[in-house]
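Report on the structure
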Amino acid sequence: MDIRRKDTPVQARPLTILGLETSCDETAAALVRLDREGRAQILTDQVYSQIDEHARFGGVVPEIAARAHVGLIDRLIARALQQADLGFGDLDGVAATTGPGLVGGVMVGMMSAKAIALAHDMPFLSINHLEGHALSPMMARQDDASPLDFPYLLLLVSGGHTQLLSVEGLGRYHRLGSTIDDALGEAFDKSAKILGLGYPGGPALERAARAGDAGRFALPRPLKGRPGCDFSFSGLKSAVRRSWEELAVRDDQARADLAVAFEQAAGDVLADRAGNALSAFAAQHGRRTLVVAGGVAANAQLRKRLSQCAAAYGFAFSAPPPALCTDNGAMIAFAGALHVRAGHSDGLDVQARPRWPLDEAAAIAHPVSGSGKKGPKA
Ligand code: KG4
Ligand code: ZN
């Protein structure tokens, strides 16, 4: 399909892109406009979190998620277009997450996007969910006096991934390290479940931690002080379980105390591993910004800790607003817009990829877990 079907070259006109996100438990449809200068504006960002559907199971149930996406996606697309007062004919492309993620859900967004592309003769963009997160800080910083530009060091922390990446340009992502076991979001969710804090675990644990005494429990800091940029969180989660099970009195105060101990241990580990990456990045690049993205980046204490860490290494710090940290359609539309502007489009024969590392070369060289799978959070 020729994306230059309109008379004006892609670079010389504003682009309006529909973005669909269905890779886990958020169903999302958003419209993003990229102006001639490359500044992005989110026209509308419709996100439906399937919290009620999954809460009683304590985690995401893939079949229920896929069915819910089917029931929601058309309505969310219609609402997005209505809110922006646009029709399909006003769009310059449709982008969808095609992986990594729960395959049933990914298929729903991907097939919807392909159908729209086919019916309305517009480009289809197959977007890696991690690329959406990786570029989201750029979208969030477009209105600033100092927009974020390549290259930057990215800490991507979500339910399925924990990685440090050097983001060197569109499609150019170089992995410096990743988790060797659990993703941090997964550790948040599992620890919250152990403490009986409910689902979704990350925000629940953050809320509980506010009333906690950080001095009561000493939790481990896996890999802290070791060279390299990899992470490990399964030992931290197990330590939460052990501490909880050993308690004579398991009350709300104990929950809060363990929650804050977990949050601080996670913050120490992130700062330590990011510190090694900041040194490596600084040695290679003149521009110095640390960016954090993905659902766990919504956590206020971790944001604070990482901004202090960045400052200690002479780096600027940037994080999208919390609503753009967790899964959303705007980041997929924005990534799609950058690809359209770069002259890219994908065929309608693209397949869903449940596993799809952002840095394929690193995934082949270091096939560690957490390298591309996004699965149930509990
Ligand atoms: O990026 P995301 O929405 O979905 C994935 O791509 O996985 O991230 C979801 C993860 C979940 O593990 C959730 O518990 C965590 O992000 N999360 C948080 C917070 N908000 C969401 N973790 C810690 N603190 C938060 N405030
Ligand atoms: Zn995500």
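Residues numbered from 1 in each chain as written. Chains lettered and ligands numbered in written order. Predicted model: local features only at pLDDT ≥ 70, side-chain atom pairs only at ≥ 80, totals over all residues. Heavy atoms only, no water.

**Side note on the coordination of the zinc ion (ligand 2)**
A metal bound by six donors in octahedral fashion has ideal angles of 90 or 180 degrees, whereas one bound by four tetrahedral donors has an ideal angle of 109.5 degrees. Heads up, the rule is: Distances decide who is a donor: an N, O or S atom must be within 2.8 Å of the metal, or within 3.2 Å for Na, K and Ca. Water is not included, so sites may look incomplete. For helices the rule is a DSSP run of H or I covering at least 4 residues; for strands it is a run of E covering at least 2, with both sets numbered from the N terminus onward. Throughout, exposure labels follow a simple rule: accessible area from a 1.4 Å probe, protein chains only, divided by the maximum for the residue type, with under 20% read as buried, over 50% as exposed, and the rest as partly exposed.
Note on the zinc ion (ligand 2): its protein donors are His-129 (NE2), His-133 (NE2) and Asp-327 (OD). The metal-donor distances range over 2.0 to 2.1 Å. Sequence positions of the donors to the zinc ion (ligand 2) reduce to the motif H-x3-H-x193-D. Of this pair, His-133 sits in helix α4 (residues 129-140) while Asp-327 sits in the loop between α10 (322-325) and α11 (330-341), placing them 194 residues apart in sequence. When sorted by exposure, His-133 lands in the same class as Asp-327, which is buried.

**A look at the sheet that holds strand β9 (residues 289-293)**
In plain terms, the rule: For two strands to be treated as a pair, DSSP must find no fewer than two bridges joining them. Axes, fitted as lines to C-alpha atoms, cover a helix only where it is in contact. Angles between the N-to-C directions of the axes lie from 0 to 180 degrees. By definition, residues are in contact when any of their heavy atoms lie within 4.5 Å.
Taken together, the five strands give an open sheet; going across it, the order is β8-β7-β6-β9-β10, and neighbouring strands pair in mixed fashion. The sheet terminates laterally at β8 (172-178) and β10 (316-318), the two strands that pair on one side only. Strand-to-strand twist of the sheet, defined as the mean angle between neighbouring strand axes without regard to direction, takes the value 25 degrees. Across six bridges, strand β7 (residues 162-169) lies against β8 in antiparallel orientation. Counted as the bridge partner of Gln-163 is Ser-178 from β8. Relative to the sheet, helix α9 (residues 300-312) contacts β6 (152-157), β9 and β10, its axis offset from that of β10 by approximately 155 degrees.

**With respect to the packing of aromatic side chains**
Where we set the bar: Any two of the Phe, Tyr and Trp rings considered here, Trp counted by its six-membered ring, make a pair once their centres fall within 6.5 Å; the pair's planes then place it as stacked at under 30 degrees, edge-to-face at over 60, or tilted in between.
Within this structure, the stated rule accounts for four aromatic pairs. Taken together, a centroid distance of 4.9 Å and an interplanar angle of 80 degrees make the contact between Phe-188 and Phe-262 edge-to-face. In this pair, Phe-188 is assigned in helix α5 (residues 184-194) and Phe-262 in helix α8 (residues 252-284), connecting sequence segments 74 residues apart. Per residue, the accessibility class of Phe-188 equals that of Phe-262, and both read buried. A ring pair is formed by Phe-231 and Phe-233, whose centres lie 6.0 Å apart and whose planes are at 20 degrees; its orientation type is stacked. When its relative accessible area of 0% is taken as the criterion, Phe-231 is described as buried.

**Here we look at unusual backbone geometry**
Cis geometry is found at the peptide bond from Gly-99 to Pro-100, where omega equals -15 degrees. Along the chain, the position of Pro-100 falls in the loop between β4 (93-99) and α3 (103-119). One non-glycine residue, Asp-85, lies in the positive phi region at around 55 degrees. Turning to its location among the elements, Asp-85 is positioned in the loop between α2 (62-84) and β4. One non-glycine residue, Leu-223, lies in positive phi territory at about 70 degrees.

**Here we look at the nonpolar core**
The condition that has to hold: For our purposes a nonpolar core is just a set of buried Ala, Val, Leu, Ile, Met, Phe, Trp, Tyr and Cys residues, chained together by side-chain atoms within 4.5 Å.
Leu-155, Val-157, Leu-184, Leu-219, Phe-233, Phe-262 and Leu-270 are the most contacted members of the largest nonpolar core, which has 49 residues in total. Per-element accounting of this core gives the leading share, 16 residues, to α8. Residues in contact with Leu-270, not counting those within four places in the same chain, are Leu-155, Val-157, Leu-184, Phe-231, Phe-233, Leu-302 and Leu-306. Among the nonpolar cores identified, the runner-up in size contains 35 residues, and Ala-95, Tyr-152, Val-167 and Ala-333 belong to it.

**Digging into the pattern of salt bridges**
The criterion, for reference: Salt bridge, as applied in this entry: a Lys or Arg side-chain nitrogen positioned within 4 Å of an Asp or Glu carboxyl oxygen.
Tallied over the entire structure, the rule returns 11 salt bridges. When the shortest N-O distance is used, the salt bridge between Arg-255 and Asp-252 registers 2.8 Å. On the criterion of helical spacing, the pair formed by Arg-255 and Asp-252 is a turn pair, its members being three residues apart in helix α8. One connected set of salt bridges, linked through shared partners, spans Asp-35, Glu-37 and Arg-39.

**Regarding the domain arrangement of the chain**
Quick note on the threshold: An automatic or database domain assignment is the source of the domain bounds shown.
By the assigned domains, the chain splits into domain 1 (15-143 + 324-358) and domain 2 (152-321). Computed over C-alpha atoms, the centres of domain 1 and domain 2 are 26 Å apart. Counting residues at the interface gives 28 residues for domain 1 and 24 residues for domain 2. Our count for the contact surface shared by domain 1 and domain 2 stands at zero salt bridges.

**Quick word on the site of ligand 1**
Our working rule: Distances are taken per atom, and a residue is near a molecule or strand as soon as one of its heavy atoms is within 4 Å of it. Two N or O atoms form a polar contact when they lie within 3.5 Å of each other; inside protein one atom must be a possible hydrogen donor and the other a possible acceptor, and for residues adjacent in sequence the pair counts only when both atoms belong to side chains. Each accessible area is a Shrake-Rupley result for a 1.4 Å probe, and residues are judged covered by the shown protein chains and nothing else. The residue classification treats Ala, Val, Leu, Ile, Met, Phe, Trp, Tyr, Cys and Pro as nonpolar and Asp, Glu, Lys and Arg as charged. All others, Gly included, are polar.
In the neighbourhood of ligand 1, 21 residues make up the surrounding shell, with Gly-159, Asp-189, Glu-206, Gly-295 and Asp-327 lying closest. Separating an oxygen atom of ligand 1 from a side-chain N or O atom of His-129 is a distance of 3.1 Å. Note that an oxygen atom of ligand 1 is positioned 3.0 Å from one of the backbone N or O atoms of Gly-202. Within the complex, 95% of the 550 Å² of free accessible area of ligand 1 lies under protein. Elements that contribute at least two residues to the shell around ligand 1 include exactly α4, α5 and α6 (201-209). Tallied by class, residues from the shell around ligand 1 come to five nonpolar, 11 polar and five charged.

**Observations regarding the state of the cysteines**
Any covalent bond linking the sulfur atoms of two cysteines counts as a disulfide. In plain terms, the rule: When the sulfur atoms of two cysteines come within 2.5 Å, that pair is taken as a disulfide.
For the structure shown, the criterion picks out zero disulfides. With no disulfide of its own, Cys-24 lies closest to Cys-325 among cysteine sulfurs, the gap being 16 Å. The class for Cys-24 is buried, based on a relative accessible area of 1%. Overall, the relative accessible area of 0% leaves Cys-325 in the buried class.

**What to know about a nonpolar patch on the surface**
We count it as follows: Distance thresholds for patches are 9 Å for like charges and 5 Å for nonpolar side chains (Val, Leu, Ile, Met, Phe, Trp, Tyr), applied to residues having over 30% relative accessible area and no salt bridge.
Taken together, the side chains of Val-103, Met-107 and Met-111 define a hydrophobic patch exposed on the protein surface, amounting to about 260 Å² of accessible area. Summarising the element assignment, Met-107 is placed in helix α3. Taking relative accessible area as the criterion, Met-107 reaches 37% and is therefore assigned partly exposed.

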